[in-house]
Amino acid sequence: FFAAADGLGSIAIDTTQLNMSVTDPTAWATAMNNLGMVPVGLAGQQLVTDSICVPGFDPSLSMMTGITPINPMIPGMGLVPPPPPTDVPVVKEIIHCKSCTLFPPNPNLPPPSTRERPPGCKTVFVGGLPENATEEIIQEVFEQCGDITAIRKSKKNFCHIRFAEEFMVDKAIYLSGYRMRLGSSTDKKDSGRLHVDFAQARDDFYEWECKQRMLAREERHRRKMEEDRLRPPSPPAIMHYSEHEAALLAEKLKDDSKFSEAITVLLTWIERGEVNRRSANQFYSMVQSANSHVRRLMNEKAAHEQEMEQAKESFKNALTGILTQFEQIVAVFNASTRQKAWDHFSKAQRKNIDIWRKHSEELRNAHSEQLMGIRREEEMEMSDDDSGDNPSKKLRVDDSALAAQAYAIKEENDSLRWQLDAYRNEVELLKQEKGQLFRTEESLTKDQQLQFLQQTMQGMQQQLLSIQEELNNKKSELEQAKEEQTHTQAMLKVLQEQLKSAKELAEINGHDESQANEINVLTVALVNQDREKNSEKRSPGLKSEKEALLIGIISTFLHVHPFGANIEYLWSYMQQLDSRISANEIEMLLMRLPRMFKQEFTGVGATLEKRWKFCAFEGIKTI
């Protein structure tokens, strides 16, 4: 009469085996929909649509593919419509069969309780059967849920039913709570209330364990196949030594393309101990062939080094071109910030231009420092041989502050020479830009920068000459100090001899000790007077009280500026105290006192600046 659909379309019952009357088609359709079955032979729309079912689905496919069996009654799987909300009771209708009738339970009662589902459960317990119920009647009622493989009926109104698949058990659980009546009899033995629950059977658990073991074997096999696929290939086997193989290996050693493979075989043979008196000549020829590749490898190395040098040169040229373009971009920004064009821009545009200009200047300075670093490295590599003799040329005078100062001046001289080289490079870059640009407003600014750099270079050259002269003066003063020291020692020896002779005369002539003490005091006074004269000759004093006052003010000013101050800043401060003083006079005064004030250079390129610092606390330690 109808075809039973389990939601997957895999089980169907022959309609010729069922011949029953349907008193209430609507109730029958509702009951079959709750069971997940499609009524056949009824007028009206199909309650379970074909789009929900998967046609041709084989439930045994999970055992072959390793897919976990899917319960079609589980909510949210998409194979059957989701169950109604829990707060809305499920409406169960009367189910009419050929030999019996199933009446639904009271919807107000709570749903029947079930035990925890065992793993792989295919067997259900059915209790509350009528006493007169037979296996045929039980099979007629429960075969609508799926294929039944076994029915074990007891004498005490209960039985165990085993289905072919696990999802059929969920349909059988749906019938729990129904009241079963055989035919139209009202006898107590012909009626009973069904209680359907999960049963724990050894056969179900054994099949479930077998399926799990099969899935574990498939998983292990899959992992092994994956490991074999990802495992690196084994190295090729090394053949055993023979004269024929040795002759072939000698030919391979002469071939550049097969040399790496052949040298591995030769190394393995030697480590195995294949060399003996008989094969020594053959192995010697193969070793000689391996040695012949040394020259080839050296030539390849030289070629790669040449390519690396060419790459370095191309990188330096490209960096120079990039730096030139950065200079041009910075020049454009500087021209845009002048009042002639700056007034026509809006406030937002000015802000953007200012940000772009600062960013471009930072990038330009970074690339310039990188290029200068490359050039310094090249010059240092070229001057490595010359720099080995420098330590032997250092001035070594113990306990002499003048020697330490002379060495510091020499280092400052070297740093100034490096800065001059940097200025020359920048001047060359400016000349190149001057030849490329037209005589516009940008070119005029470049000319002004070039003139400023030239003036700075001339000033630094003059300063370098003055420092060299000062170095020579310090050396001459050092020599004079040595001569004075030798002269003082000689005078001291002469005075000591005179003192001894005077003491002897005093003892001979009978003078007392007071006369000898007067002679000693007179001698010490003469020595101290001679030392004071030498110290006055060595260190020139201040010319006037004005210079002493200036030195005090400048020392106080520089002491509160720990990072130093340039001569213009210092001169502007002194102008407020004395308008007649000049910057040149302050600079000459600072240069006369190198132990109190020292000069340092900060910045790179066009931002180079001379700063004076107060160093009397450090200089007093060297006196």
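Residues numbered from 1 in each chain as written. Predicted model: local features only at pLDDT ≥ 70, side-chain atom pairs only at ≥ 80, totals over all residues. Heavy atoms only, no water.

Concerning the overall build of the chain
So, point 1. The helix and strand inventory of the chain stands at 18 helices and 10 strands.
So, point 2. Relative to its 623 residues, the chain shows a buried fraction of 30%.
So, point 3. For the chain, contacts bridging at least 24 residues in sequence account for 66% of all contacts bridging at least 6.
So, point 4. Accessible area for the chain stands at about 41800 Å²; split by element, carbon and sulfur atoms hold 54% of it. (Helix = DSSP H or I, 4+ residues; strand = E, 2+ residues; numbered from the N terminus. Buried < 20%, exposed > 50% of the residue type's maximum accessible area, 1.4 Å probe, protein only. Contact = heavy atoms within 4.5 Å. Areas by Shrake-Rupley, 256 points an atom, 1.4 Å probe, with all protein chains shown as cover.)

Concerning the UniProt feature "coiled-coil region" (unreviewed entry) in the chain
So, point 1. Per the UniProt entry, the sites bearing "coiled-coil region" (unreviewed entry) are residues 287-314 and 413-498 in this numbering.
So, point 2. Along residues 287-314 the backbone is 96% helical and 0% strand, and the end-to-end C-alpha distance reaches 41 Å. (UniProt positions renumbered as here; feature names shortened; annotations may be inferred.)

So, the packing of helix α7 (residues 259-272) against helix α8 (residues 280-291)
So, point 1. Across the interface, α7 lies against α8 with an axial gap of 11 Å and an inter-helix angle of 140°. Between α7 and α8, the angle is such that the two are oblique. Of the two elements, α7 crosses α8, and the hand of that crossing is left-handed. Every residue of α8 that contacts α7 at F259, I263, L266, W269 and I270 is listed here: F283, M286, V287 and A290.
So, point 2. Partitioning the contact of α7 with α8 into residue classes produces 9 nonpolar, no polar and no charged. (Axes fitted to C-alpha atoms, helices over the stretch in contact; angles between N-to-C directions. Parallel < 35°, antiparallel > 145°, perpendicular 65-115°, else oblique. Left-handed = near helix turned anticlockwise from the far one by under 90°. Nonpolar A, V, L, I, M, F, W, Y, C, P; charged D, E, K, R; others polar.)

Here we look at unusual backbone geometry
So, point 1. With a phi angle near 65°, N157 is a residue other than glycine that sits in the positive phi range.
So, point 2. When you line up the elements, N157 lands in the loop between β4 (148-153) and β5 (158-163).

Describing the sheet that holds strand β3 (residues 123-127)
So, point 1. In spatial order, the strands read β4-β5-β3-β8; together these 4 strands make up an open sheet with antiparallel pairing. The open sheet has two free edges, formed respectively by β4 and β8 (195-198), since each of these has just one partner strand. Each adjacent strand pair in this sheet contributes to an overall mean axis angle of 20°, direction not counted.
So, point 2. Here β4 runs beside β5; their pairing, made up of 5 bridges, is antiparallel. Counterpart to I151 in the pairing with β5 is I161. (Pairing = 2+ DSSP bridges.)

Focus: the pattern of salt bridges
So, point 1. For the structure on display, the rule yields 23 salt bridges.
So, point 2. Residue E219 pairs with R223 through a salt bridge whose shortest N-O separation is 3.1 Å. Of this pair, E219 and R223 are both found in helix α5 (residues 202-230), 4 residues apart, which corresponds to roughly one turn of the helix.
So, point 3. On the basis of relative accessible area, E219 is assigned to the partly exposed category, the value being 28%.
So, point 4. Looking at R223, the relative accessible area reads 51%, which means it is exposed.
So, point 5. Here the salt bridges do not stand alone but share partners, grouping K122, R162, D204 and E207 into one network. (Salt bridge = Lys/Arg side-chain N within 4 Å of Asp/Glu carboxyl O.)

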